[in-house]
Amino acid sequence: MEKYEISLVGVGGQGILTAAELLAKCAMLDGHNVRVGEIHGMAQRGGIVQSSVRIGKDVYGPIISEGMADLIIGFEPVEAMRGLSFASEKTIVLLNEHIVYPTVVSMGKAKYPDMDYIKSSIKKFTSKLYSFNAMDLALEAGAAITMNLVLLGAAFKIGNIGLNKESMESIITSTFPERFKKTNLKAFNLGYDYFK
Amino acid sequence: MINKLAKPKNILKGSQGDKLLLLGNEAIARGVLEAGVGVATTYPGTPSSEIADTLSGMASEAGYYFEYSANEKVAVEVAGSAAVAKIRSFVSMKHVGLNVAADPFMTLAYVGVRAGMIILSADDPSMWSSQNEQDNRYYSLLSGMPMVEAANPQEAKDFILDAYDFSEKIEMPILFRTTTRLNHTRAPVTLGPRRPIETIGDFIKEPGRFVPVPSVARKRHLVVLENLKKAEELSYKTNFNKTFGEGSIGIITSGVGFNYTMEAIKLLDLDAEVLKLGMTNPLPKDLISDFLKRHKKIFIVEELEPYLELNVRSLAKDVAPTVEIFGKYTGHIPRYYELNTRKVLEGLSSAFHLEIPFNFKKVDELYSSISSELPPRPPVLCAGCPHRATFYEIKKATFNKGIYPSDIGCYTLAIQDPLHMADILFCMGSSVSTAAGLSKVTDKTVVAAIGDSTFFHTGIPALVSAVYNKHHFTLAILDNRTTAMTGHQPHPGIGITGMHEQGEKIDIESVVKGIGVKNVVKINPFKVRESINAIRAATRTEGVSVVISEAPCALVDVAEKRKKGEKITPYVVVPELCIGCKICIDQLGCPAIYWNESTVKAEVDITQCTGCSVCAQICPKDAFKLKED
């Protein structure tokens, strides 16, 4: 693989850093070079989380340049929109429709854009938009906390990432404690099977 | 209370040849382990924190000593003296931590060490979690202490080992300078063998070297200069400085700048020779001179200050006066914020008239057409955070007419709407001293806020000074029983050490009383009315008064309750009682309370609410009730 760049965008507490780490471990298992970019500290307190996974032999650093992402996994609609700085016509966007309101919105001091507007904004950049509610599937799998695995599963289906699904399943199996294994694999496969 | 993120088992147990996905900071910690370091110290600070947390997690099993020191100055002195006594030592801190440690840092360069020592400074270009983006490479120049920079986690681990050997050859500590995108990048790292750890040293007295009275210092300054010469000669025999590729254009870079350079020349399909400097003080003048002579055009890629550029330009004047140099002085690379591949692409493109194979402008224009309408999402105090309660109470107690100096920690987030409770901040500990200055020159009520860990870090000397000089203000010590912002490290007030053992617990109230503060009161910030009264009384007493607001960090509290299986009962709004006055929303800004446009009433997000009850106490209609099963 020369280069495949994934941007994961959302808010603190959605399991973004874990998802990025799983992707990178999977890439390593499949024999690829990889870099993960993440930001810790003050930037994390209830704020925006943007992580990146860059796979391939031409990759040196962790940062994706504007417009260069092959895949954007939007864990939250407004954050997916904010993450469009990484998008261009080649980009595939996976949009989770589950909303986490920013404090300014919950205080009634700003408006949250409606879903149609968000989708049409994404379509200004790329026609390759896949959207669904990953939270519904996470709850179906048995725990809201598995939403990140639902998104990973869907990303594996629609993203042409070039990594093996079996590798990811074995990474999921080996990363989490035994008692979460079944739920996590179920979440991953619910996400994988959602888009035909 | 120990950082739950640190799971260093694989880093400790991993053997030679194992390939792991490691955070840059974890790779550095592994390097410290492989180097057989006997003493490691720190004061936590982003982006350096995980180095120390990983080291703390491994210390007792690996058999070296680790401590969270009260501040960076102490950390450097503890580790520095260990290295004088022939034990390899390591200190890590964020860039501004080196300001605190600058005093021993400068003198350590003079007196030197007898075993390897590394002082790691993690700089934060773009200020992801910092109050400035100072370039600490100048500390190396200032002190004469040699400096090493790495580009990726693997190299960081390997350079740590090389830097220890180097340090021992010249008997000087090494400044290991990183930037955020090294510390917080995950990458594959192949582990190496571990040197045996030695922890019992031998202090051989040599006051003519280690006690820098003026007569000694005069001699030692000459030794520093001699060592720098020796270090440059030695550097030619190391792996620190390398060249890559070939071409008529020469690019000089260091640290993570190398990554963006390699990606940019690949995208541009540019033939260029890259000189990657791993030792950036002393600079390898012969190597750079040859490089300058080989190329007509030189491009310099470095984050923040034009440190390399200044030195290369001055060297070029003598050895290659006709070479054309591009960089920050020519406006091709910005002097602020972190770099990325795009910035290097655009710099190279504009310097050498090359076409970038991607239309960034189109993407930018499209993005600016949608991004201005997005609601912002700044970091906020968590739901149930005791700081929110304390700030609400300080505001009420002073009728929002005071001046509110702040300090470094989560509580700086009180700057946000709707609290607006941070008025002035310089650095760690400055809340106390700025309160002193402001109370001297204004007639306003001054109430400063400082966290528990920050109080121990640099708040204490400032408080001593304020009491001694008869200043008049109130200091609120927000004791949430942890160092929250940097990842929940322990501190002297917790009494758990970096070895994960029970240590002495330093009681804040006793310290404050011992300093001579006469009006000291402890509050539970979750009792709103009582707290407001106590704070108001404190502000009305003469001299320095201290309010200790004691309640655990909500993140730690909730995690511990969950672990123990304790139930967390959230509040809910009874719609019939809520009159939509918005007092809860407009005065607290708790992320668990939101405004329902259609019902025109407040509601609680029960997945976030910790049941702290502050909203229930301030609601004029008693509309918040504990959720029933």
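All values reported here derive from a predicted model rather than from experimental measurement.

### Some details on the domain arrangement of chain B
Residues and elements named next belong to chain B.
Logical step 1: Domain annotation for chain B reports domain 1 (9-235), domain 2 (242-364), domain 3 (386-560) and domain 4 (567-626).
Logical step 2: Taking only C-alpha atoms into account, the centre of domain 1 sits 32 Å from that of domain 3.
Logical step 3: Contact residues are listed per partner, giving 17 residues for domain 1 and 16 residues for domain 3.
Logical step 4: Contributions of two or more residues to the side of domain 1 that touches domain 3 are made by α3 (49-62), β3 (65-68) and α5 (95-100).
Logical step 5: For the side of domain 1 that touches domain 3, the leading source of residues is α3, giving five residues.
Logical step 6: For the side of domain 1 that touches domain 3, the per-class residue count stands at eight nonpolar, seven polar and two charged.

### Thoughts on the nonpolar core
A general feature of soluble globular proteins is that nonpolar side chains tend to end up buried together.
Logical step 1: Core analysis: the biggest nonpolar cluster contains 175 residues, and Ile72, Leu94, Val150 and Leu151 of chain A together with Val32, Ile118 and Ile160 of chain B have the highest contact counts within it.
Logical step 2: Element by element, the count of residues in this core is highest for helix α1 (residues 16-29) of chain A, at nine residues.
Logical step 3: Taken together, domain 1 (9-235) and domain 2 (242-364) of chain B each give at least three residues to this core, which thus spans both.
Logical step 4: Ignoring any residue separated from it by four or fewer positions in sequence, one finds Ile160 of chain B in contact with Ile28, Gly31, Val32, Ala35, Ile118 and Phe176 of chain B.
Logical step 5: Listed in part, the 72 residues of the second largest apolar core include Phe391, Tyr411, Ile460 and Ile508 of chain B.

### Comments concerning the pairing of strand β18 (residues 544-550) of chain B
Residue and element names in this part refer to chain B.
Logical step 1: A large share of β18 lies buried, amounting to five of its seven residues.
Logical step 2: For strand β16 (residues 473-479) and β18, the ladder comprises seven bridges, and the chain directions are parallel. Across the sheet, residue Ile477 finds its bridge partner in β18, namely Ile548.
Logical step 3: Taken together, the five bridges between strand β17 (residues 519-523) and β18 define a ladder with parallel strand orientation. Bridge pairing in β18 places Lys522 opposite Ile548.

### Points about the interface of chain B and chain A
Logical step 1: With 47 residues of chain B at the interface, the matching set in chain A holds 50 residues.
Logical step 2: Elements represented by at least two residues in the side of chain B that touches chain A include exactly β8 (185-190), α12 (257-268), α15 (341-352), α16 (360-371) and β20 (593-596) of chain B.
Logical step 3: A per-element tally of the side of chain B that touches chain A places α16 of chain B first, with seven residues.
Logical step 4: The residue makeup of the side of chain B that touches chain A, split by class, is 28 nonpolar, 10 polar and nine charged.
Logical step 5: Looking at chain direction, strand β2 (residues 34-37) of chain A and β8 of chain B are connected through two bridges and run antiparallel. What sits directly across from Val36 of chain A, in β8 of chain B, is Arg186 of chain B.

### Quick notes on the sheet that holds strand β15 (residues 447-451) of chain B
Residues and elements named next belong to chain B.
Logical step 1: One open sheet holds the four strands; their spatial order is β15-β16-β18-β17, and the pairing between them is parallel. Both outer strands of the open sheet, β15 and β17, are each paired with one neighbouring strand and no more. Taking the axes of each pair of neighbouring strands and ignoring which way they run, one obtains an average angle of 20 degrees across the sheet.
Logical step 2: Relative to β16, β15 runs parallel, the two being bridged by five bridges. The partner of Ile450 across the bridge, within β16, is Ile477.

About the thresholds
Residues numbered from 1 in each chain as written. Chains lettered and ligands numbered in written order. Predicted model: local features only at pLDDT ≥ 70, side-chain atom pairs only at ≥ 80, totals over all residues. Domains from an automatic or database assignment. Contact = placed C-beta atoms within 7 Å. Helix = DSSP H or I, 4+ residues; strand = E, 2+ residues; numbered from the N terminus. Nonpolar A, V, L, I, M, F, W, Y, C, P; charged D, E, K, R; others polar. Core = buried A, V, L, I, M, F, W, Y, C linked by C-beta atoms within 7 Å. Buried ≥ 20, exposed ≤ 12 C-beta atoms within 10 Å, placed from the backbone. Pairing = 2+ DSSP bridges. Axes fitted to C-alpha atoms, helices over the stretch in contact; angles between N-to-C directions.

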